[in-house]
Amino acid sequence: MRDFLRPFGNSALARRTWLQLGLGGLAGGSLPGLLGLVQQAEAEEAGGGDQSTRRRPANCILIWMDGGPSHMETFDPKPDAPAEMRGEFKPIRTNVPGIEICEHLPKLAKIADKYAILRSVHHNQGNHGAGNHYMMTGAPPRIPVGCGAFVSFHPSLGSVAAHERSAPHGLPGYFSLPGMTRSGGPNFLGSEYAPFVVSDDPNSKDFRVRDLALPRGVDEARFRARRELRGLVDALPRIDDPAAADPVRTLDGHYEQGYQMVMTPEAQQAFQIEQEPDAIRDAYGRDPFGQRLLLARRLVESGVPFVTINQGGWDDHSELWSNLRKRLPPWDQAVATLISDLDDRGLLANTMVIALGEFGRTPKISTVSGRSSPGRDHWSSAMSILFAGAGTPGGQVIGATDRLGHAPIDRPLSPENFVSTVYTKLGIDPGKHFITPAGRPTFLVSDPTPIRELLG
Amino acid sequence: MAFFGFIRVRHLRLLVRAAVGVGFVIAPLSGLAKERDTTPDPAAVPTFERHIMPMLTARGCNGGGCHGKSGGQNGFALSLLGFDPEGDYQSLLMQSRGRRLNLSAPHESLLLQKATGAVPHGGGRRLDPDDEDTRLLLKWIADGGPRDPPGVPRLSHIVISPEPRPLEAGETIPLVVMAHDTDGSTRDVTAVTAFASNEPVIVSVQPDGVVTGGSLPGEASVMARFMGHIATWNTFVPRAGRIHADAWAALPVNNFIDEMAWRKLRAINILPSDPVDDATFLRRAFLDAIGRLPSPQEARRFLADANRRKRDQLVEALLERPEYADRWANLWADLVRPNPYRVGIKATLSLDTFLRDAFAHNLPYDRFVGELITATGSVWRNGAAVIYRDRRSPDEIVTLVSQLFLGVRLECAKCHQHPFEVYGQGDFYGLAAYFSRVGYAGKGLSPPISGGEESVIVKTSGEVTHPLTGAVLAPKPLGGNAAAEPVEGDRRVALMTWLRSPNHPTFAAAAVNRIWAEFFGVGLVDPVDDFRATNPSSNPELLAALATKFRDNAFDQKRLIALIMKSHLYGLSSMTNETNAGDHRNYSRHYRRRLRAEMIADAIDDVTGVPSNYAGAPPETRAARLWTHRTGSMFLDVFGRPDPNQDPPCERIGDATVVQAMHLMNGSHLQGKVSSDDGRVAALATGDIAPEAIVEELYLAAYSRLPTDAEKKQVLPMFSREGMTRRAAAEDLLWALMNTPEFIFVN
């Protein structure tokens, strides 16, 4: 029960009630019909919503630190903790007085005025699969799931963004690089809203995007000839009457979109990372992660609303500090460059940059049996999130954990609050009401209260 | 126009009522309170069940979006649509330190203050302070908030009048709902009944019960619900216009399917489409019956065959092919295949083996289900037992069994009264009681490895209790009148005996319906596993006849399939005539479907002549033979095979997406196969076969038909184009053929 957090007279609730008007008489009705009605009600509602949803919808680059980054070793250092909990790293000052972060994030420390740090998000899902699901969808998994699980009970942020928003030039609305996160799928929204996965490495010399670039052996002239030939051999008659809802016509639309993507210079340019000056590419870091962030910038520049960068390896049960000494500097460089680069181009005002994992890590240092070097284990009672852009007031820390990093002592926030904030900035009502194909009514977020400090 | 502004227009009398557990139908009902003859006499003593609960339901308080949702709203929980009077009474009177009802100062009651908007209420104003209901509520509180005294008549059932009949477009009929009480008395409860139409475009229903025929012809079911009781009013709107009697007389009748289908079409005044040509039938029959395309040789032979019975012969031959088992085992694998990360890889393979064996031997359906339901033994050796490894408690297995074998979605009734059915928790846990003595020996689940061997055993004890009352529930089948004999031994055997019996209302029908949908794209009951009064069959006569036939033929699936495929109905064209574009339920035309993921993957392998090499499977394994969706394949993922990580893991995505189009258009998967040196194109192009023969061969491979003369004329010049090789021309042609809907769809 989280509903007691919802303020009275919440406009999201009012809107939700309105949306239901169209749904009352539709027991057992078709999904398209239901969704159509929801959209219709939405359209009638256009112009409603509170101030924050009226802002121009922002795009989002979500940097997923899979495995669960240690909050103490990133954005919530605990220098006063006793030795068995403190760890090997020290805090450093940032360019914002009073805000300190880990010493291995020096580049981010120089631009702390451009982002907010959330230190009080917490939940109760200590397994990777479950934690990922909760943070990626705003909904806890309905049944207990294990660490190895990749589960989906609810649509992910990116899939919802693709469902509610669209990208120009035939581009998909949701990209995930280099793979989908565990719970990054569309669930009941349908496969159309699954992420477009770019598994290819933009750091490699001959980077091409699967299915978006022409396949090897097919140049543009041949592609055009094939397209023409396809027209000649495509003999299946279409059913003209719209009442017949000919699925072949839907497929025609998909081919048109595909052709548009392949043949539209703007769409193709989004992937032409080689057009970036060397100085920019170097600034992001000449590694797959850095170049993926650069590619993400190009995608949102082209109008793609949601890009996830899924980076694994943050599950440091052992060798935490030696791992992070290697992992943090390039991460710091790439993320700081992304924020600065977006800012320089005037894009930060309309682009969220968010970095998080599924949970934080245990304040107590421990050694996994069989390992020599210690680390920290899963800890969902506290975690840190970096949140920049799209009107987010920078230079602030929201919430605080106790002296040891165990749990929030100020402004405890939920995953629901977090995803509601992202939805709000995307221009999507977090209180939106959906009917699943199974006929089950469901809300986008059970507690659609965004984090007001981030709304600006 | 904001909702709250709307509702505050004081001059309108508003009736807010819960509908379908989702939300509210709101309509202005001017002067309703005056007309409503059900308004109780203010002098009478209002009681909880008889007066207050219907009010809470009618005002939307216990709807699924408000206090009726699991856990309630803002700390105040009511049962969904009032299925649990006891709990609701507790919630109102006892919880919240008695603040909800202030018996000494009724006006101060939080319930009233919230509902009238006197204090902020997330759900807005639900009662006007001057409303009759408000006065009634006040009186009830002032009386001490009594429950119904013993002996007060209870609601027995509800009846809708008039008798159902067809509606013309635009015609309206006011429905009247009468509540029949246990003392035989009746009262008009229309004004406080919730109505819903399952097809509002065809027949709409207003909150006051007035039904209206829409502009689209078709059938609809109007549901009325009052205090947990449901009645339905099934109707249809025939298409306008005249069809000459000769047209009906000319329709062929191959078997009873046609007879009954035509009867239904005649009632709704829709003519079926023309039959398809041989090539379309051939491709459709191959894909539907055995999940693969005919080879060019098979296609050539069939098309050239002059025998008038060749379609029937084709059907019989297909049913004897080995691919038949894979195609139908895959259907069931979609339904029962667990996530191997959960149950273990050996158990997953073991279940797959069971399924393929069953269909390879055409195991009669009742025995097939019996093997699953009464399974015991090692999950490594008896694949059927794996469903119990995956579903480990009675309440987990019961939803699977009811949905798969009874066609009843019982999930809702686990936690609350089913919002559009008669089923409640007593039914759910009564059925679950058949599974209360399933036990386990050996190594249980330890995800993500779960490697151990486990056996399913039958225990001598174990009961299921009602979650609200705590009472031990005896096994009770869902619906129908099962013999109430005491159950001894394995309770599941008793359940199976009941399922098999000729009196079971849905066991055979659910099976027939599922198979039917594989051939026609939509079930007679749709969705195929959602049998309920409020979701009627589009052709009850036909479904009943098919179910009877299936049972009479000892549940022989092949004989049922042969019957279906030999009907004239199955061979109709997908193209519309002047009468049937709007028909999506009565099979007056064939409904186009995209090929399933495995079918299209195997079709590409067959057409290009280049097999896929799936990891962990022997070379040349077909996608239809894969036994776990963990086998990596980007192609199958893109085309929507079930994702074992989804919940449930069997959700198959059949729709077309732009990613699929891109994958065929630009993917290295198809391009690699088209241009392979070992493929069909290379073999055709390197010989000295005439271009015309190459074109014919590629058309036969991809489309199962020969190109028309016009098509040949259009395509052939490409082979002699400047700078074009035979190989490149053939590659381009095959690429083009496999990127069209004629290839991607079952037409």
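Residues numbered from 1 in each chain as written. Chains lettered and ligands numbered in written order. Predicted model: local features only at pLDDT ≥ 70, side-chain atom pairs only at ≥ 80, totals over all residues.

Caption draft 1: Representation of the overall build of chain A within the structure. The helix and strand tally for chain A stands at 15 helices and 16 strands. For chain A, buried positions account for 55% of its 456 residues. In chain A, once contacts between residues fewer than 6 apart in sequence are set aside, the share between residues at least 24 apart is 69%. (Helix = DSSP H or I, 4+ residues; strand = E, 2+ residues; numbered from the N terminus. Buried ≥ 20, exposed ≤ 12 C-beta atoms within 10 Å, placed from the backbone. Contact = placed C-beta atoms within 7 Å.)

Caption draft 2: Here's a closer look at the confidence of the model for chain B. Residue and element names in this part refer to chain B. On average, residues of chain B score 86 in pLDDT, and 89% of them are at 70 or above. Below a pLDDT of 50 lies the segment residues 1-42, which in the model reaches 98 contacts outside its immediate sequence neighbourhood of four places, other chains included. We note a pTM of 0.74 for the whole complex and an ipTM of 0.80 for its interfaces. (pLDDT = per-residue confidence, 0-100.)

Caption draft 3: Spotlight on the packing of helix α3 (residues 48-58) of chain B against helix α4 (residues 85-93) of chain B. All names here are of chain B. Relative orientation of the contacting elements α3 and α4 amounts to 75°, with a least axis distance of 12 Å. The angle between α3 and α4 falls in the class roughly perpendicular. Facing α3, whose interface residues are Phe48, Glu49 and Met53, α4 presents Pro85, Asp88 and Tyr89. Looking at the contact of α3 with α4, its residues break down into four nonpolar, no polar and two charged. (Axes fitted to C-alpha atoms, helices over the stretch in contact; angles between N-to-C directions. Parallel < 35°, antiparallel > 145°, perpendicular 65-115°, else oblique. Nonpolar A, V, L, I, M, F, W, Y, C, P; charged D, E, K, R; others polar.)

Caption draft 4: The nonpolar core, seen in detail. One finds Ile61 and Ile354 of chain A together with Val512 of chain B to be the most contacted residues of the largest nonpolar core, which totals 306 residues. Among the elements that take part in this core, helix α13 (residues 320-344) of chain A stands out by supplying ten residues, more than any other. If near-sequence neighbours (up to four positions away) are discounted, Val512 of chain B is found in contact with Leu543, Leu546, Ala547, Phe550 and Leu560 of chain B. (Core = buried A, V, L, I, M, F, W, Y, C linked by C-beta atoms within 7 Å.)

Caption draft 5: Quick peek at the sheet that holds strand β4 (residues 172-174) of chain B. All names here are of chain B. Overall, antiparallel pairing links the three strands, which are arranged β4-β9-β8 in an open sheet. The open sheet is flanked by β4 and β8 (203-205), the only strands paired with a single partner. The mean inter-strand angle of the sheet, taken between neighbouring strand axes irrespective of direction, is 20°. Note that β4 and strand β9 (residues 210-213) share three bridges and pair antiparallel. If you follow Thr172 over to β9, its bridge partner there is Thr212. (Pairing = 2+ DSSP bridges.)

Caption draft 6: Up close: helix α6 (residues 132-142) of chain B. All names here are of chain B. The set of residues buried in α6 consists of Asp133, Leu136, Leu137, Trp140 and Ile141. Down the axis of α6, the sector holding all buried residues measures 135°, keeping them to one side. For α6, the secondary structure elements touched by its buried residues are α3 and α5 (110-115). Taken from the residues just after α6, Gly144 is the one with a positive phi, measuring 100°. (Arc of directions from axis to C-beta.)

Caption draft 7: Focus on the packing of helix α21 (residues 507-520) of chain B against helix α23 (residues 557-566) of chain B. Residue and element names in this part refer to chain B. One way to put it is that α21 packs onto α23 with a least axis distance of 11 Å and a crossing angle of 45°. Looking at the two axes, α21 sits oblique to α23. Along this stretch, α21 crosses α23, giving a crossing that reads as right-handed. Residues Val512, Ile515, Trp516 and Phe519 of α21 form the contact with α23, whose participating residues are Gln557, Leu560, Ile561, Ile564 and Met565. (Left-handed = near helix turned anticlockwise from the far one by under 90°.)

Caption draft 8: Looking closely at unusual backbone geometry. Here Leu177 of chain A and Pro178 of chain A are connected by a cis peptide whose omega angle stands at -5°. That bond from Asp526 of chain B to Pro527 of chain B is cis: its omega, 0°, falls within 30 degrees of zero. Structurally, Pro527 of chain B can be placed in the loop between α21 and α22 (540-552). Positive phi values are uncommon outside glycine, yet His169 of chain A reaches one of about 60°. Residue placement: His169 of chain A occurs in the loop between α7 (157-164) and β5 (174-177). Residue class for His169 of chain A comes out partly exposed when judged on the 18 C-beta atoms lying within 10 Å of it. Backbone geometry at Glu620 of chain B places phi at a positive 65°, although glycine is not the residue there. Relative to the assigned elements, Glu620 of chain B resides in the loop between α24 (597-608) and α25 (634-638). Given 11 C-beta atoms within a 10 Å radius, Glu620 of chain B is considered exposed.

Caption draft 9: Quick look at helix α17 (residues 394-406) of chain B. All names here are of chain B. With ten of 13 residues buried, α17 lies mostly within the body of the structure. Regarding α17, the residues found buried are Pro394, Ile397, Val398, Thr399, Val401, Ser402, Gln403, Leu404, Phe405 and Leu406. Two residues or fewer after α17 comes Gly407, characterised by a positive phi angle close to 70°.

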